[in-house]
Amino acid sequence: MRRGNKRSLTELTGLNSFLSSVIAILVGLAFGFIILLISNPSQALKGILVIVKGGFNGGAKGVGQMLYYATPLILTGLSVGFAFKTGLFNIGASGQLIVGAFSAIWTAVNWKWLPGPLHWIVPMFVAILVGGLWATIPGLFKAYLGVNEVISCIMMNYIGMYGVNHLIKVTNIYDQLKNQTVSVPATAALPYGGLNKVFYEKIGNLVRPSSVNIGIIIAVIAAIVIYLLLNKTTFGYELKACGHNRDASRYAGINEKRSILMSMVIAGMLSGLAGAVMYLAKSDGLHIDVVDVLAPQGFNGIPVALLGLSNPLGIIFSGIFVAHLEQGGYYLQKLNYMPEIIDIIIGAIIYFSAFALIFKNAVQALMRRLFRRQDKED
Amino acid sequence: MDTVYFLIQQMMLFSIPLLIVALGGMFSERSGVVNIALEGIMVMGAFCSIFFINRMQNVLSGNLLLILAILVAAVSGMVFSLLHAYAAINMRADQTISGTALNMIAPAFAIYMARSLQANGVQQIPFNNTFRIKSVPLLGDIPVIGPLFFQNTYITTYLGVIILLISAFVLYRTKFGLRLRACGEHPQAADSVGVNVYRIRYAGVAISGALGGLGGLVFVVPTSTNFNATVAGYGFLALAVLIFGQWKPMRILFAAFFFGLMKTIAASYSGLSFLKNLPIPSNVYKMIPYIATLIVLAFTSKNSQAPRASGVPYDKGSR
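Residues numbered from 1 in each chain as written. Chains lettered and ligands numbered in written order. Predicted model: local features only at pLDDT ≥ 70, side-chain atom pairs only at ≥ 80, totals over all residues. Heavy atoms only, no water.

Engineer: Which residues make up the packing of aromatic side chains, and what values do they have?
Structural biologist: Scanning all chains against the criterion turns up 18 aromatic pairs over all chains. A ring pair is formed by phenylalanine 47 of chain B and phenylalanine 51 of chain B, whose centres lie 6.0 Å apart and whose planes are at 20 degrees; its orientation type is stacked. Linking phenylalanine 47 of chain B with phenylalanine 51 of chain B, this pair stays in helix 2 (residues 38-56), spanning 4 residues, or about one helical turn. Ring geometry for phenylalanine 244 of chain B against phenylalanine 258 of chain B: centres 5.8 Å apart, planes inclined by 85 degrees, an arrangement best described as edge-to-face. Residue phenylalanine 244 of chain B is found in helix 10 (residues 234-244), and its partner phenylalanine 258 of chain B is found in helix 11 (residues 249-268); the two are separated by 14 residues along the sequence. Phenylalanine 244 of chain B gets classed as buried once you look at its relative accessible area, which sits at 7%. By the ring-pair criterion, three or more aromatic residues cluster together here, those being Tyr158 and Tyr162 of chain A together with Phe259 and Tyr290 of chain B. (Phe/Tyr/Trp six-rings, centres within 6.5 Å; stacked < 30°, edge-to-face > 60°. Helix = DSSP H or I, 4+ residues; strand = E, 2+ residues; numbered from the N terminus. Buried < 20%, exposed > 50% of the residue type's maximum accessible area, 1.4 Å probe, protein only.)

Here it is as structure tokens:
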């Protein structure tokens, strides 16, 4: 394998990774089909088609909903994936997300004087800032005290959750009746940005737009920014170098402590942003429930990052894909299947994507055989 | 004095599951396989064993049923963990990926099975807690020590202590333990003297699966009357305890007790008059275990004792 043509192999690695992900997805779906067959054979074929169609089951509105649910997944996926690229495991996205969400809601409710679009832009940046600050603690602990970031992030998740629950109750954003946060003012909700003109459904004369808003555009922009940062800047190169080998980076003159801290902070900022785009929604949108449960969206970022191979652009697609499958699970209930089947399928896809190395080798061998044949024909 | 007895009894309920699961994680990581799937393994073990109790409680009750459930939990956790072992060892997969996959599959599987197997598609699995030991005969009557350790307890508490002692013995005093540690530190060296690295790592992960599954049961039984496809993040906390305990049995015990004590104070402060009267809101109390752990870590983490080859797939060809 190592003796093969170097140039053609490097050109193929991107395609290879993509193909091995596709294989993992197909195997995962086949696994899901077997579960459908076991639970109710007569509907299984219909069921798997519903899953594959995913968001498209609901027409244009369904696609909109899919993008809506993909938005936080992409952002937390970016947060985890970025940290992976720089050698850190950010399992603390949940805490960073919830403190970001809280500060966004608080700012939106209390700073009503903010004019026009600033009323949602400023809370969003406050959330980014606070999410980043929250990640500063594990960052500092890792860089200067040698505390494993996994453990400090787990601790920060719980501290964030209880802290936010406390702060919600003592500030004016608490809706005691529903035991959740109040709705943000309409001007502080993320605007549709024209997406409601594309993704809607029409029942008679009634036009119902989907919930998707410019959050999805913000998420895509964030992914592109992170991609450029990692691949086109010296700063990003230093961060990645520290991830590969901390000692070698220090030897090469990189301030490795600062790099670790910055990686963590940027990851936290992305999770904080995820919290803002989730909760800066209209009154029928999401609210933070005051319960002792960690925000699951933070953990859902991990499979998204893994499926996207931690590549920021790949994460856009894996986030949409996971949301697509979850929408499929929503429609699956009409056939009397349980939506949990989707989580099992996603789990299976992740599991098989762990076999990427084996798949990659198989694909590579296949490719080489194809190309060799071509060479002979030339 | 009654307060102290109460605190210690409560602390055991929080600490013992953490201790068992963290010891499980220790076996896996000391053999060189990072096991982030502990949470999922706990859910799987708890699901199988609680479902077993649910079905068998009309026939059996008391500690015989619990002992059988313990076996079910350990076996189911072990079988489930083999998925992780296969990916991590045979397929040389990224161990975070397969661990995450197991964490996703377990709760979904538990909900799916519970709703499929129970009438009306109910998700929670109820069970009768007939396992509490009011007072251990003879030992429970000893002054001070009796109320501290032998009243209002479960056999799982003693099981946890036994597992700790056996773990420490196996790890440091047996051939298997030495080989296990070698595979986690330098698998190439272990292989060069004829140790089968793959087999040892399989054993490490399987032990972690058995203890993880058992820990799931031990966590659910005293703290609830039904199982709802979750162990409340205890698998991740056990991971934290493992790192806090520097991958060493006795330090893991200390870490588990420390965390359990903090958790007990947070959970039962309203029953303690001197804490209740302080003007501190409940959510702040709940934060204490996590903040305290962070602070202790900040002072103790400077030289980490993590197994050197942990998380690195072993490839015989690249020796």
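Engineer: Could you give an account of helix 8 (residues 234-244) of chain A, naming the residues involved and the relevant values?
Structural biologist: When we look at burial in helix 8 of chain A, the residues that qualify are Gly236, Leu239, Ala241 and Cys242 of chain A. Close packing links the buried residues of helix 8 of chain A with helix 3 (59-85), helix 7 (215-232), helix 9 (246-251) and helix 10 (256-279) of chain A. (Contact = heavy atoms within 4.5 Å.)

Engineer: How would you sum up helix 3 of chain A? Please name residues and give values.
Structural biologist: Every α-helix winds through 3.6 residues per turn, so residues three or four apart in the chain are directed the same way. Residues and elements named next belong to chain A. With 27 residues, helix 3 should cover 39 Å at 1.5 Å per step; its first-to-last C-alpha distance of 36 Å lies within 8% of that length. Of all the bends in helix 3, the largest measures some 30 degrees and sits at alanine 70, one to four residues before the proline proline 72. Counted residue by residue, helix 3 has 22 buried out of 27 residues, so it is predominantly covered. Glycine 87 sits one or two residues past helix 3 and shows a positive phi near 80 degrees. (Expected span 1.5 Å × (residues − 1). Bend = angle between axes of the 7 residues up to and from the residue.)

Engineer: Outline the interface of chain B and chain A, supporting the account with residue identities and numerical values.
Structural biologist: Taken residue by residue, the interface counts 46 residues in chain B and 43 residues in chain A. When the buried surface of chain B facing chain A is broken down by residue, Met104, Tyr112 and Leu294 of chain B rank first, second and third, together holding 18% of it. Linking chain B with chain A are 2 salt bridges, by the criterion used here. With a closest N to O distance of 3.6 Å, glutamate 340 of chain A and arginine 115 of chain B form a salt bridge. Where chain B touches chain A, the interface holds 4 residue pairs in polar contact (both at pLDDT 80 or more). (Buried area = accessible area lost by both parts, 1.4 Å probe. Salt bridge = Lys/Arg side-chain N within 4 Å of Asp/Glu carboxyl O. Polar contact = N/O pair within 3.5 Å; in protein donor to acceptor, adjacent residues only side chain to side chain.)

Engineer: Mind laying out the environment of threonine 300 of chain B, listing which residues take part and the relevant values?
Structural biologist: Residues and elements named next belong to chain B. With respect to the helices, strands and loops of the structure, threonine 300 is situated in helix 13 (residues 282-300). For threonine 300, a relative accessible area of 33% puts it in the partly exposed group. Along the chain, threonine 300 and glutamine 246 lie 54 residues apart, while their C-alpha atoms are 9.7 Å from each other.

Engineer: For the domain arrangement of chain A, give the residues involved together with the corresponding values.
Structural biologist: Residue and element names in this part refer to chain A. Domain annotation of chain A identifies domain 1 (1-40 + 338-378) and domain 2 (59-336). Here the C-alpha centroids of domain 1 and domain 2 sit 29 Å apart. Taken together, the contacts link 14 residues of domain 1 with 13 residues of domain 2. A combined buried area of about 1100 Å² lies between domain 1 and domain 2, and 83% of that area is made up of carbon and sulfur atoms. The largest contributions to the domain 1 side of the interface with domain 2 come from Ile342, Ile346 and Ile350, which together make up 40% of the buried area. Here domain 1 is connected to domain 2 by 0 salt bridges. At the surface where domain 1 touches domain 2, the tally comes to 0 residue pairs in polar contact (both at pLDDT 80 or more). When residues of the side of domain 1 that touches domain 2 are traced back to their parent elements, those giving at least two are helix 1 (6-39) and helix 13 (340-353). Looking at which element gives the most residues to the side of domain 1 that touches domain 2, the answer is helix 13, with 7 residues. Grouping the amino acids of the side of domain 1 that touches domain 2 by side-chain chemistry returns 10 nonpolar, 3 polar and 1 charged. (Domains from an automatic or database assignment. Nonpolar A, V, L, I, M, F, W, Y, C, P; charged D, E, K, R; others polar.)

Engineer: Report on the nonpolar core, specifying residues and quantitative values.
Structural biologist: One finds Ile51, Phe82 and Ile91 of chain A together with Ile50, Leu217, Phe227 and Leu237 of chain B to be the most contacted residues of the largest nonpolar core, which totals 211 residues. No other element matches helix 1 (residues 2-30) of chain B, which puts 14 residues into this core. Three or more residues apiece are contributed to this core by two domains, here domain 1 (1-40 + 338-378) and domain 2 (59-336) of chain A. (Core = buried A, V, L, I, M, F, W, Y, C linked by side-chain atoms within 4.5 Å.)

Engineer: Tell me about a nonpolar patch on the surface, residues and numbers included.
Structural biologist: Residues and elements named next belong to chain B. Taken together, the side chains of Met1, Val4, Leu138, Leu139, Ile142, Val144, Ile145 and Phe149 define a hydrophobic patch exposed on the protein surface, amounting to about 720 Å² of accessible area. Take valine 144: it is sitting in the loop between strand 2 (133-135) and helix 5 (145-149). Taking the relative accessible area as the measure of exposure, valine 144 reaches 42% and is therefore partly exposed. (Patch = residues over 30% accessible without salt bridge, like charges linked within 9 Å, V, L, I, M, F, W, Y side chains within 5 Å. Areas by Shrake-Rupley, 256 points an atom, 1.4 Å probe, with all protein chains shown as cover.)

Engineer: Summarise the side chain of asparagine 213 of chain A; cite the residues concerned and give the values.
Structural biologist: With respect to the helices and strands, the residue asparagine 213 of chain A is situated in the loop between strand 4 (206-209) and helix 7. Dropping the residues within four chain positions of it, asparagine 213 of chain A is found in contact with Tyr68, Leu190, Pro191, Tyr192 and Leu195 of chain A.

Engineer: With reference to specific residues and values, describe the environment of arginine 179 of chain B.
Structural biologist: Residues and elements named next belong to chain B. With respect to the helices and strands, arginine 179 occurs in helix 7 (residues 175-185). Residue classification places arginine 179 among the partly exposed positions, given a relative accessible area of 37%. For the pair arginine 179 and isoleucine 41, spaced 138 residues apart in sequence, the C-alpha separation works out to 25 Å. For arginine 179, the residues in contact, after removing those within four places along its chain, are Val195 and Ile200.

Engineer: Account for unusual backbone geometry, with residues named and values stated.
Structural biologist: All names here are of chain B. One non-glycine residue with positive phi stands out, namely asparagine 120, at about 65 degrees. Positionally, asparagine 120 belongs in the loop between helix 4 (95-117) and strand 1 (125-126). With relative accessibility at 78%, the residue asparagine 120 sits in the exposed group. Despite not being glycine, alanine 229 shows a phi value in the positive range, around 60 degrees.

Engineer: With reference to specific residues and values, describe the confidence of the model for chain A.
Structural biologist: With 94% of its residues at a pLDDT of 70 or more, chain A shows a mean pLDDT of 88. Below pLDDT 50 for its whole length, residues 1-11 of chain A participates in 5 contacts with residues either more than four positions away or in separate chains. (pLDDT = per-residue confidence, 0-100.)

Engineer: Explain the pattern of salt bridges to me, and be specific about the residues and the numbers.
Structural biologist: The final tally for this structure, using the stated rule, is 9 salt bridges over all chains. Taking the shortest distance from any N to any O, the salt bridge between aspartate 292 of chain A and lysine 286 of chain B comes out at 2.7 Å. Highlighted residues: aspartate 292 of chain A in the loop between helix 10 and helix 11 (296-307) and lysine 286 of chain B in helix 13, drawn from two different chains. For lysine 286 of chain B, a relative accessible area of 26% puts it in the partly exposed group. Linked through salt bridges whose partners overlap, the residues forming this network are Arg246, Asp247, Arg250 and Glu256 of chain A.

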